[in-house]
Amino acid sequence: MEKEAAIIGYAQTPYEADSNCSRELLVLQATRAALEAAGLKREDLDTIVTANNDYLDGRTISNMRLVEPAGSWRKNESKVEMDGAFALLYALTRILSGDHDIALVVAESQASVYGGILPGIMMLDPTFDRQRWLLNEVSGAALQASAYMDASGVSEEQIAGVAAKNLDNAAGNPLALRSLPGADAAKVMASRPLYSPIRDLMMAPLCDGACALVLASGKAAAKAEKPVWIKGVGFAHDSYLTERPLESMNSLKLAAGSCYAQAGIEDAASQIDLAEVHERFAHEELMSYEALGFCGPLQGGAFFDSGATRMDGKLPVNASGGAMGANVDCGAGLARVIEAAMQVRGDAGKHQAKGVKTALAHGQTGICAQENIVYVLGGE
Amino acid sequence: MARNEVAVVGVGLSKHVSKRRDVNMAELVWEAVSACYEDAGLKPRDIDAFATGNMPAFEGVNVPEEWGAGHWGAYGKPVLRITTGGTTGGSVAHGGYYLVGSGLYDTVMTIAFEKQSDGNSTMGLNTVALADAAAQLQLGVDPAFIAAFGGGAVGVAVYQASSYMKSSGCTTHHLDKVAALCRNNAALNPCSHLKQPGLTPEEVAKTTLLQYPIRFGHVCPATDGACAMLFTTGEKARKLTSKPAYVLSVASCSDEAALVGIAGSGTTNVDPCEQESCKLAAARAYELAGISDPRGEIDLAEPYSPFAHQMLMFYERLLLCDEGEAPSILDSGSMNLDGELPVCPSGGVISTNAIGASAMERIAECAMQIMGKCGERQVKKEVHKAVAHGWGGAVNLNVVAVLSDTPRR
Amino acid sequence: MGAKAAKDPVPRVSIPLNPVFGWTVGNWMENFFDGMKEGKILGSRCPDCGRVFLPPRMICERCFAKADEWVELPATGTVQACTEAAVKVAENGDMVDLENPEIIAMVKHDGADTCITARLEGADASIGMRVEAVLNPGAENVLDLLAAYRPMG
Ligand SMILES: [Zn+2]
């Protein structure tokens, strides 16, 4: 895609274990701040896509009371019940269709109001797995990690190392919920065991928060300051978790393939300057290196060990701390897009990486990262 | 980016009945999906993306396509989940329009469904109000009062109906006539749920009064069912079929949620029969479609009407006549299958309500009427342009689509 | 970012969302449960690609064909993935520590192409380990028909 749609403003609320305010207030804060950042008013919005989930919000049609805080009163509005990164795709198609020029995407959830990992359990096959009460997002991720470790030879220490890297990076991100400056693998390995090999510090912390992004058509973005262009997007859905090989992220690979084709990326490792991946569990980041083509199949551990994905490496991954710093259900993927856009603009402050011209952002939904979406973003 | 023309090339519906015990949710949806592939002459490999939705709280399954989409041919493809309550099916179909219109995906299948018998729909609807009920409890409102006027759809509808009757002159006899008209149309539709051939307004008037003015005969059934549609570019559509149904435009409009008042009676700001958001959405959709005179140019309407009065109310809000005129237009016979502007030829939501699917089925009916695929219920006049509508949320969300036998511009 | 929300405690009301659902499992899963009542493990096979689904699926997602061939599968299989659970999920969604950790395994039965997730008896598990299903044909609850797996030999 060549200058057809650009991110022209964004905002994130602080991520907190308990925001101690209503979700409507979180959405209002994020929306207002994103509009302000884009230099726009509510009246300028043509269309609004919210990302939220009835189970996370504990109510049917959870978007309907977000009409006022999301600025969609008497406007064209819809809801994507997935991560906000997918809602962004819907907003993008609304703009590319030519019917709309300016879109707002806003994502929210509050882990403090829903039952931990229960909404994930409700995603399971209701005719069997759901009722057996063994699988959930964490045990599913653990099973995936075991299959990946067996296939690739990656060790628990390497997985812990990824978590430590991101928790250390999160120290530079003022919005992060959790950070551990100077963290190392040993510290992560000493945290509470959940489902082996997953330990508490290898699991991205669920929390409260909202984030919002303003997307503009090429025409509308021409007037904006420092637009960040969407160069490509790819999206794919994988099989249910018991029906696919768990040791690779096939749908992420498919998504990256179509995204790279649009963005003209032939060699991801050299053409992409920085990536923000949505790693809900630390091993997923290693698997994503492979699926995104940063390294060969089953080479994720070695690629990590090379230091390439550290803050000072040739392809920093999750300079913001990633989801390890804060993982708002429905929001963490959109937050990756926002963080990648910040890096392209050079606006990331203490966690700014050097020389970021082309950045990749990834979002996911579903157990064992069943659905994946990838964006490539660039400046001029 | 050249915007794609968007056309419907296939429609598929499952059987619609109150309880399907032979299939699970994913398998029920497969029936609609496979009928849709067959209708369009396409296979899963021809599809570039999927959009899907239902009302998840009803069946108690979160993001049901995680285990279900394999049954629909979606393996390895994008599957975008769009859910907006009663409007879900319409919102999903709008997703199909945008995904194709964007140029990112050429051929898109949209899927909407509800398997109400798996869950507890009144519970689902009441959770609409639960969070508000919580707020009211904090304010000291008597819990018994909240329970008696709970947020279920009937609660919303009675206030809306009486308000509409007062402003329009619509009588309970008109409600009976709407129900009889729709159920007779439904009898001609193989995929409808409540088929009552020969039903008369007098018989409807004898059904149990639920809450004035709404009788049992004025209310939709709870249905298990699914709907699938195939959207593709104008260019591809013309290769696939001699008569595609073009989607000229879609528009949605979200108003203030009216739950703040009691049982959706509305706040001082919102009268539930006003439906300003429907008028705005309709006006925008006609504008995008290049329709300056909807009354003269629209040949057929499928308003979303789970309750009898809504067929008339939304006929007005879709700008097809002046406010207060719909009851007399009904009396004139214009809304019948052989009338000047047939309304709800499918039998409407009042005859079949698989909630998540219902708003898509309105668009599907318009497409099928344009394509001439409606068999016994095919309307007498030739359909060039049709308008499909969906309604939901807390009486605050409206979606409108305009379809045509000729492409935009 | 604008001013942070005021930190006065927000009034909260707890609303449990636990309605009773009655999922239809469909004819394919019903056949599976009926088979186990007779001690048989029944999978469905895709006539196009030959993949065998266990638990059975009505539709093969790769071919979009009706997997309407039935095959009886042995109780034996191989561990594809496993985890030692130090916790379990309580009804409120919290992960609470288990007194005795347990093994959860994803098992592919011999002749099947998809997996069943269940408990694995014993303290040790590894990928590639040979296991057999512990069937309970007399169980009242269909979910207990396949109670667990145990290591072979
Ligand atoms: Zn097959």
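Residues numbered from 1 in each chain as written. Chains lettered and ligands numbered in written order. Predicted model: local features only at pLDDT ≥ 70, side-chain atom pairs only at ≥ 80, totals over all residues. Heavy atoms only, no water.

Colleague: A description of the overall build of chain C should follow, citing residues and the corresponding values.
Modeller: Helix and strand counts for chain C come out as one helix and eight strands. Secondary structure of chain C in N-to-C order comes out as α-β-β-β-β-β-β-β-β. Per-residue burial over chain C gives 45% buried out of 153 residues. Taking contacts inside chain C between residues at least 6 apart in sequence as the whole, the part at least 24 apart equals 48%. Summing over all exposed atoms, chain C offers an accessible surface of approximately 7,500 Å²; the carbon and sulfur share of this is 46%. (Helix = DSSP H or I, 4+ residues; strand = E, 2+ residues; numbered from the N terminus. Buried < 20%, exposed > 50% of the residue type's maximum accessible area, 1.4 Å probe, protein only. Contact = heavy atoms within 4.5 Å. Areas by Shrake-Rupley, 256 points an atom, 1.4 Å probe, with all protein chains shown as cover.)

Colleague: Tell me about the nonpolar core, and please be specific about residues and values.
Modeller: Of all hydrophobic cores here, the largest spans 112 residues; its most connected members are A:Tyr195, A:Ile198, A:Tyr260 and A:Phe294. Non-local contacts of A:Ile198, meaning those with residues more than four positions away in its chain, are made with A:Val138, A:Ala141, A:Ala142, A:Ala145, A:Pro193, A:Met203, A:Phe281 and A:His283. (Core = buried A, V, L, I, M, F, W, Y, C linked by side-chain atoms within 4.5 Å.)

Colleague: Before we move on, could you go through the interface of chain B and chain A and cite the residues and values that matter?
Modeller: Every contact between the two is made by 61 residues of chain B and, on the other side, 57 residues of chain A. Taking both sides of the interface into account, the surface hidden between chain B and chain A amounts to around 4,800 Å²; carbon and sulfur atoms contribute 54%. Broken down residue by residue, the surface that chain B buries against chain A is led by B:Asn62, B:Glu66 and B:Tyr98, which jointly contribute 17%. Applying the counting criterion to the chain B and chain A interface returns four salt bridges. Its salt-bridge partner being B:Arg81, residue A:Glu81 comes within 2.8 Å of it at the nearest N-O pair. Where chain B meets chain A, there are 25 residue pairs in polar contact (both at pLDDT 80 or more). Sorting the residues of the side of chain B that touches chain A by element identifies helix 2 (56-59), helix 3 (65-68), strand 3 (79-81), helix 4 (88-101), helix 5 (121-138), strand 8 (245-254) and helix 11 (276-289) of chain B as the ones contributing at least two each. For the side of chain B that touches chain A, the element with the highest residue contribution is helix 4 of chain B, accounting for seven residues. Across the side of chain B that touches chain A, the residue classes tally to 30 nonpolar, 19 polar and 12 charged. (Buried area = accessible area lost by both parts, 1.4 Å probe. Salt bridge = Lys/Arg side-chain N within 4 Å of Asp/Glu carboxyl O. Polar contact = N/O pair within 3.5 Å; in protein donor to acceptor, adjacent residues only side chain to side chain. Nonpolar A, V, L, I, M, F, W, Y, C, P; charged D, E, K, R; others polar.)

Colleague: A description of the sheet that holds strand 3 (residues 69-73) of chain C should follow, citing residues and the corresponding values.
Modeller: As summarised here, the arrangement of the three strands in space is 2-1-3 (chain C), forming an open sheet in which the pairing is antiparallel. Every interior strand has two partners, whereas the edge strands, strand 2 (52-53) and strand 3 of chain C, have only one. (Pairing = 2+ DSSP bridges.)

Colleague: Break down the interface of chain C and chain A for me, citing the residues and quoting the values.
Modeller: Chain C puts 52 residues into the contact, and the matching count from chain A is 49 residues. Taking both sides of the interface into account, the surface hidden between chain C and chain A amounts to around 4,100 Å²; carbon and sulfur atoms contribute 59%. Between the two partners, chain C and chain A, sit three salt bridges. Going through the elements one at a time, helix 1 (26-37), strand 4 (76-89), strand 5 (95-109) and strand 6 (115-120) of chain C are the ones with two or more residues in the side of chain C that touches chain A. Among the elements that make up the side of chain C that touches chain A, the one with the highest residue count is strand 4 of chain C (10 residues). Residues of the side of chain C that touches chain A, tallied by class, amount to 31 nonpolar, seven polar and 14 charged.

Colleague: Before we move on, could you go through the coordination of the zinc ion and cite the residues and values that matter?
Modeller: All names here are of chain C. The protein atoms that coordinate the zinc ion are Cys 46 (SG), Cys 49 (SG), Cys 60 (SG) and Cys 63 (SG), at distances spanning 2.2 to 2.3 Å. Of note is the zinc ion, whose four donor atoms meet at the metal with angles of 104 to 113° in an arrangement that counts as tetrahedral. Within one chain, the residues donating to the zinc ion are spaced in sequence as C-x2-C-x10-C-x2-C. (Donors = N, O, S within 2.8 Å, 3.2 Å for Na, K, Ca; no water. Tetrahedral: all angles 85-135°; square planar, octahedral: opposite > 155°, others 65-115°.)

Colleague: Can you break down the packing of helix 4 of chain B against helix 15 (residues 355-371) of chain B residue by residue, with the values?
Modeller: Residues and elements named next belong to chain B. Packing of helix 4 against helix 15 brings their axes to within 5 Å, and their N-to-C directions diverge by 55°. Between helix 4 and helix 15, the angle is such that the two are oblique. Packed against helix 4, whose contacting residues are Thr 88, Gly 89, Gly 90, Val 92, Ala 93 and His 94, the element helix 15 presents Gly 356, Ala 359, Met 360 and Ile 363 at the interface. Per-class residue counts for the contact of helix 4 with helix 15 are five nonpolar, five polar and no charged. (Axes fitted to C-alpha atoms, helices over the stretch in contact; angles between N-to-C directions. Parallel < 35°, antiparallel > 145°, perpendicular 65-115°, else oblique.)

Colleague: Which residues make up the sheet that holds strand 5 (residues 208-217) of chain A, and what values do they have?
Modeller: All names here are of chain A. The nine strands lie next to each other as 3-2-4-5-1-6-9-8-7, forming an open sheet whose pairing is mixed. Both edges of this open sheet fall to strand 3 (76-80) and strand 7 (274-276), since each of them pairs with a single strand only. For this sheet, the mean inter-axis angle between neighbouring strands, taken without regard to orientation, is 25°. For strand 2 (residues 47-51) and strand 4 (residues 102-110), the ladder comprises five bridges, and the chain directions are parallel. Note that in strand 4 the partner of Thr 47 across the bridge is Ala 103. Helix 1 (residues 23-38) rests against strand 1 (5-12), strand 4 and strand 5 of the sheet, and its axis sits at about 35° to strand 5.

Colleague: Account for the pairing of strand 10 (residues 385-392) of chain B, naming residues and giving values.
Modeller: All names here are of chain B. Strand 10 sits mainly inside the fold: eight of its eight residues count as buried. Side-chain alternation along strand 10 places Lys 385, Val 387, His 389 and Trp 391 on one buried face and Ala 386, Ala 388, Gly 390 and Gly 392 on a second face that is also buried. Linking strand 10 back to strand 11 (residues 397-404) in an antiparallel pair, the connection comprises four residues, with Gly 393 at a positive phi of about 65°.

Colleague: Describe unusual backbone geometry, and please don't skip the residues or the numbers.
Modeller: The residue after A:Ser196, namely A:Pro197, is reached through a cis peptide bond having omega 0°. The residue A:Pro197 is located in the loop between helix 8 (185-189) and strand 5 in this model. The peptide bond linking C:Leu54 to C:Pro55 adopts the cis configuration, its omega dihedral lying at 0°. If you trace the backbone, C:Pro55 turns up in the loop between strand 2 and strand 3. For A:Asn318, which is not glycine, the phi torsion reads 60° and is therefore positive.

Colleague: Could you give an account of the pattern of salt bridges, naming the residues involved and the relevant values?
Modeller: Note on pairing: side chains with opposite charge can pair once their charged atoms come close. Under the defined criterion, the tally for this structure stands at 45 salt bridges over all chains. A:Asp125 is paired through a salt bridge with C:Arg57; the nearest N and O atoms lie 3.1 Å apart. Of this pair, A:Asp125 sits in the loop between helix 4 (118-121) and helix 5 (129-132) while C:Arg57 sits in the loop between strand 2 and strand 3, each in a different chain. Its relative accessible area of 6% is what places C:Arg57 among the buried residues. A salt bridge links A:Asp200 to A:Arg178; the nearest nitrogen and oxygen atoms lie 3.9 Å apart.

Colleague: Explain the environment of A:Asp99 to me, using residue names and the numbers behind them.
Modeller: For A:Asp99, the position within the fold is in the loop between helix 3 (84-96) and strand 4. Residue classification places A:Asp99 among the buried residues on the basis of a relative accessible area of 6%. Counting along the chain gives 12 residues from A:Asp99 to A:Ala111, while the straight-line C-alpha distance between them is 35 Å. Discounting residues that sit within four places of it in the chain, A:Asp99 has contacts with A:Arg94, B:Arg3, B:Tyr97, B:Tyr98, B:Arg284, B:Leu288 and B:Arg408. Here B:Tyr97 takes part through its side chain, which lies 2.9 Å from a polar atom of the side chain of A:Asp99.

Colleague: Lay out the packing of helix 3 of chain A against helix 4 of chain B with the relevant residues and their values.
Modeller: At their nearest, the axes of helix 3 of chain A and helix 4 of chain B sit 8 Å apart, and the two run at 60° to each other. By the angle between their axes, helix 3 of chain A is oblique relative to helix 4 of chain B. Relative to helix 4 of chain B, helix 3 of chain A is oriented so that their crossing is left-handed. Along the contact surface, helix 3 of chain A presents A:Tyr90, A:Thr93, A:Arg94 and A:Leu96, while helix 4 of chain B presents B:Ser91, B:His94, B:Gly95, B:Tyr98, B:Leu99 and B:Gly101. Here the contact of helix 3 of chain A with helix 4 of chain B is composed, by residue class, of four nonpolar, five polar and one charged. (Left-handed = near helix turned anticlockwise from the far one by under 90°.)

Colleague: Which residues make up the environment of C:Leu135, and what are the values?
Modeller: Mapped onto the elements of the fold, C:Leu135 is located in strand 7 (residues 130-135). As for C:Leu135 and C:Gly39, which are separated by 96 residues in sequence, their C-alpha atoms are 6.7 Å apart.

Colleague: Before we move on, can you summarise helix 7 (residues 156-170) of chain A with the specific residues and values?
Modeller: Residues and elements named next belong to chain A. Helix length check: helix 7 (15 residues) gives 21 Å between terminal C-alpha atoms against 21 Å at 1.5 Å per residue, within 8%. Counting buried positions over the 15 residues of helix 7 gives 12, a clear majority of the element. In this structure, the buried side of helix 7 is in contact with helix 6 (137-152), helix 8, helix 12 (282-291), helix 13 (300-305) and helix 14 (322-325). (Expected span 1.5 Å × (residues − 1).)

Colleague: Tell me what's going on with the side chain of A:Asp329, and back it up with residues and numbers.
Modeller: Residues and elements named next belong to chain A. Along the chain, Asp 329 turns up in the loop between helix 14 and helix 15 (332-345). Buried and unpaired, Asp 329 has Arg 280 as its nearest opposite-charge partner, separated by 4.4 Å. Other than its neighbours up to four places away in sequence, Asp 329 contacts Leu 56, Glu 108, Ser 109, Tyr 114, Leu 206 and Arg 280. (Lys, Arg positive; Asp, Glu negative; His and termini not counted.)

Colleague: Break down the packing of aromatic side chains for me, citing the residues and quoting the values.
Modeller: Under the definition given, this model contains 12 aromatic pairs over all chains. For the ring pair A:Phe128 and C:Phe32, a centre distance of 5.7 Å and an interplane angle of 70° mean the geometry is edge-to-face. Of this pair, A:Phe128 sits in the loop between helix 4 and helix 5 while C:Phe32 sits in helix 1, on two different chains. Grouping residues by exposure puts A:Phe128 and C:Phe32 together as buried. Seen in terms of ring centroids, A:Phe128 and C:Phe33 are 6.3 Å apart; in terms of plane orientation they differ by 35°. Their pairing is tilted. Here C:Phe33 lies in helix 1 and A:Phe128 lies in the loop between helix 4 and helix 5, a pairing that spans two chains. Through a chain of ring-to-ring contacts, three or more aromatic side chains come together here, namely A:Tyr90, B:Tyr97 and B:Tyr98. (Phe/Tyr/Trp six-rings, centres within 6.5 Å; stacked < 30°, edge-to-face > 60°.)

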